[in-house]
Amino acid sequence: MPVLSNKGRNLPESPIRKLSSFAAEAESKGIYVFHLNIGQPDIASPQGSIDVVRKSKLKLLPYESSEGSLSFRKSLCAYYKRNEIDVLPKDIIVTTGASEAVAFTLNCICDAGDEIIIPEPFYANYNGFAAASSVKVEPVISLFDDQFCLPPISTIEEKVTLKTKAILICNPSNPTGYLYSQEEIELLGDLALKYNIFLIVDEVYREFIHDEVNKHYSVLQYEKLKDHAVMIDSVSKRYSLCGARVGCMVSKNKNLIATALKFAHLRLSPATLALMASEAAINSDPEYLIQVKNEYSARKKTLIEALEKIDGVRVSNPKGAFYCIVELPVEDAEEFSKWLLTDFTYQNETIMLAPAAGFYSTSGYGKKQIRIGFVLNQQKLLRSATILEKALKAYSN
Ligand SMILES: Cc1ncc(COP(=O)(O)O)c(C=O)c1O
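Thresholds, definitions, all that
Residues numbered from 1 in each chain as written. Predicted model: local features only at pLDDT ≥ 70, side-chain atom pairs only at ≥ 80, totals over all residues. Heavy atoms only, no water. Salt bridge = Lys/Arg side-chain N within 4 Å of Asp/Glu carboxyl O. Helix = DSSP H or I, 4+ residues; strand = E, 2+ residues; numbered from the N terminus. Buried < 20%, exposed > 50% of the residue type's maximum accessible area, 1.4 Å probe, protein only. Axes fitted to C-alpha atoms, helices over the stretch in contact; angles between N-to-C directions. Left-handed = near helix turned anticlockwise from the far one by under 90°. Contact = heavy atoms within 4.5 Å. Nonpolar A, V, L, I, M, F, W, Y, C, P; charged D, E, K, R; others polar. Near = heavy atom within 4 Å. Polar contact = N/O pair within 3.5 Å; in protein donor to acceptor, adjacent residues only side chain to side chain. Areas by Shrake-Rupley, 256 points an atom, 1.4 Å probe, with all protein chains shown as cover. Expected span 1.5 Å × (residues − 1). Arc of directions from axis to C-beta. Pairing = 2+ DSSP bridges. Phe/Tyr/Trp six-rings, centres within 6.5 Å; stacked < 30°, edge-to-face > 60°. Core = buried A, V, L, I, M, F, W, Y, C linked by side-chain atoms within 4.5 Å. Domains from an automatic or database assignment.

## Examining the pattern of salt bridges
Then, number 1: Counted under the stated rule, the structure contains 23 salt bridges.
Then, number 2: When the shortest N-O distance is used, the salt bridge between Lys165 and Asp114 registers 2.7 Å. Placement of Lys165 in strand E5 (residues 164-170) and of Asp114 in the loop between helix H5 (97-109) and strand E3 (115-120) is noted, with a sequence separation of 51 residues between them.
Then, number 3: A salt bridge links Lys136 to Glu138, with the nearest nitrogen and oxygen atoms 2.8 Å apart.
Then, number 4: We classify Lys136 as partly exposed; its relative accessible area is 44%.
Then, number 5: Salt bridges sharing partners connect three or more residues here, namely Glu203, Arg206, Glu207, Asp233 and Arg238.

Laid out in structure tokens, this is it:
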């Protein structure tokens, strides 16, 4: 058998999809599985984004320009302007989802063996993208008991070495829902300036803020960071367009964008048809996003209240995004999550959870925790909470 690369063999598994085969097996037996494990929105996309694809009279699908069409980038600029972010089309490279934007960014700024600092728990695929670019992740722990707030800046500074190229955060965070304040973004930005490294902020959940007091502050609003800030974005969550695979990286740093463009040239073009749908979504009535945000906020309230009533369960209170981390009264949340799919049903239904250990890169953390995505309607969330309660009782017997 030919030998595969160490990189490929050691690539971490997705904690979100790790238990998928057990879920498929349960479903094949006719068991209904509530998927709380994924971040796949269930709310309809803006109608215009679907219509533009349906009504297209295209006779062929040409390549788009590698950086994304000018009209799409102009639409993005107008959307950013509505969010108090001033950028120009030349600051944007359109990518195949935020995923490719993260990969491009890491490849542009890091060589093999370089390091990036990330507060954990973090979006698990950052680990995979780092591994694929031979970059080392230096995690800084943020704690459940502190609602996963930014660790003291001194603990982040301690991790900076000559190999550090960037600090990466997600705001608001997947998986914790933590919302970094303007002050915190500026503290991180000042650290980036001090060590002449990048501050990369993944803002794909920008609109979904459940906090009545704080508003989202983009890394691109901190003017001092002109050359050191990179924003990662996507239409996937905002407009329920995950399958469009359209995102972007945005930066005022001309050299970074010019370098990213070379990576963009390598893969020729973002998906042409998906860009049409995404542009229509971005130009849709801003009221759409207000309603979507309100729906996620209502779900969050319902879910958190239901979970808090379950004996032994502790819930973090997310200020943004559509996830929460939940601590369960079990020794090993992964074993429990597997058992839910292989050995348990309540009235022929069960739930699929994402064990949270996979969102930490330091082993031993998050063993009792799971991540729940509130991408199901309130009725289904309530039903899921009931199933969780019944399951915990059965598991402890
Ligand atoms: C924080 C974060 N960044 C990036 C992505 C990937 O987004 P995309 O579908 O645009 O590639 C996700 C998807 O779950 C995410 O949660």
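Next comes the rest of the write-up.
## With respect to the packing of H5 against helix H9 (residues 254-266)
Geometrically, a packed helix pair is captured by the angle between its two axes and the distance between the axes.
Then, number 1: One can describe the packing of H5 onto H9 by two numbers: an axis separation of 9 Å at closest approach and a directional angle of 120 degrees. The chirality of how H5 crosses H9 is right-handed. Contacts between H5 and H9 involve Phe104, Asn107, Cys108 and Ile109 from the first element and Leu256, Thr259, Ala260, Phe263 and Ala264 from the second.
Then, number 2: Of the residues assigned to the contact of H5 with H9, the class counts are seven nonpolar, two polar and no charged.

## Description of the site of the ligand
Then, number 1: Residues in contact with the ligand amount to 14 residues; listed here are only the nearest, Ala98, Ser99, Asp202, Tyr205 and Ser234.
Then, number 2: Asn174 is positioned such that a nitrogen or oxygen atom in its side chain is 2.7 Å from an oxygen atom of the ligand.
Then, number 3: The side chain of Arg245 places a nitrogen or oxygen atom 2.8 Å from an oxygen atom of the ligand.
Then, number 4: In isolation the ligand has 400 Å² of accessible area, and contact with the protein removes 93% of it.
Then, number 5: Considering each element in turn, the shell around the ligand owes the most residues, three residues, to H5.
Then, number 6: Considered class by class, the residues forming the shell around the ligand number six nonpolar, five polar and three charged.

## Some remarks on H9
Then, number 1: With 13 residues, H9 extends 19 Å between its outermost C-alpha atoms, agreeing within 8% with the 18 Å of an ideal straight helix rising 1.5 Å per residue.
Then, number 2: Listed in full, the buried residues belonging to H9 are Leu256, Ile257, Ala260 and Ala264. Buried residues of H9, viewed axially, fall in a sector of 90 degrees; they line one side. Exposed and facing more than 90 degrees away from the buried side of H9 are Lys254, Asn255, Lys262 and Leu266.

## Quick word on the environment of Met276
Then, number 1: Residue placement: Met276 occurs in helix H10 (residues 272-282).
Then, number 2: Since its relative accessible area comes to 25%, Met276 is described here as partly exposed.
Then, number 3: Contacts of Met276, omitting those with residues within four sequence positions, involve Val52, Ser56 and Leu58.

## Digging into the sheet that holds strand E10 (residues 323-327)
Then, number 1: One open sheet accounts for four strands, arranged E9-E10-E13-E12; its pairing is antiparallel. Two strands in the sheet have a free side with no partner beyond their single neighbour: strand E9 (314-315) and strand E12 (354-355).
Then, number 2: Two elements, E9 and E10, share two bridges in a ladder whose sense is antiparallel. Bridging across to E10, Arg314 finds its partner in Glu327.

## Thoughts on the packing of aromatic side chains
Then, number 1: What the rule picks out here adds up to 19 aromatic pairs.
Then, number 2: Here the aromatic rings of Tyr205 and Tyr323 are separated by 5.6 Å at their centres, their planes lie at 85 degrees, and the arrangement is edge-to-face. With Tyr205 in the loop between strand E6 (198-202) and strand E7 (229-234) and Tyr323 in strand E10, the pair connects residues that are 118 residues apart, well separated along the chain. Here Tyr205 and Tyr323 have matching classes, each one buried.
Then, number 3: The exposure class assigned to Tyr323 is buried, which follows from its relative accessible area of 1%.

## A closer look at the nonpolar core
Then, number 1: Ranked by size, the top nonpolar core spans 124 residues in total, and within it Tyr80, Leu307 and Phe336 carry the most contacts.
Then, number 2: Both domain 1 (6-44 + 288-396) and domain 2 (47-282) contribute no fewer than three residues apiece to this core.
Then, number 3: Those residues in contact with Phe336 that sit more than four places away from it in its chain are Leu328, Val330, Leu353, Leu388, Ala391, Leu392 and Tyr395.
Then, number 4: Counting seven residues, the second largest nonpolar core, distinct from the first, contains Leu19, Ala23, Ala26 and Val33.

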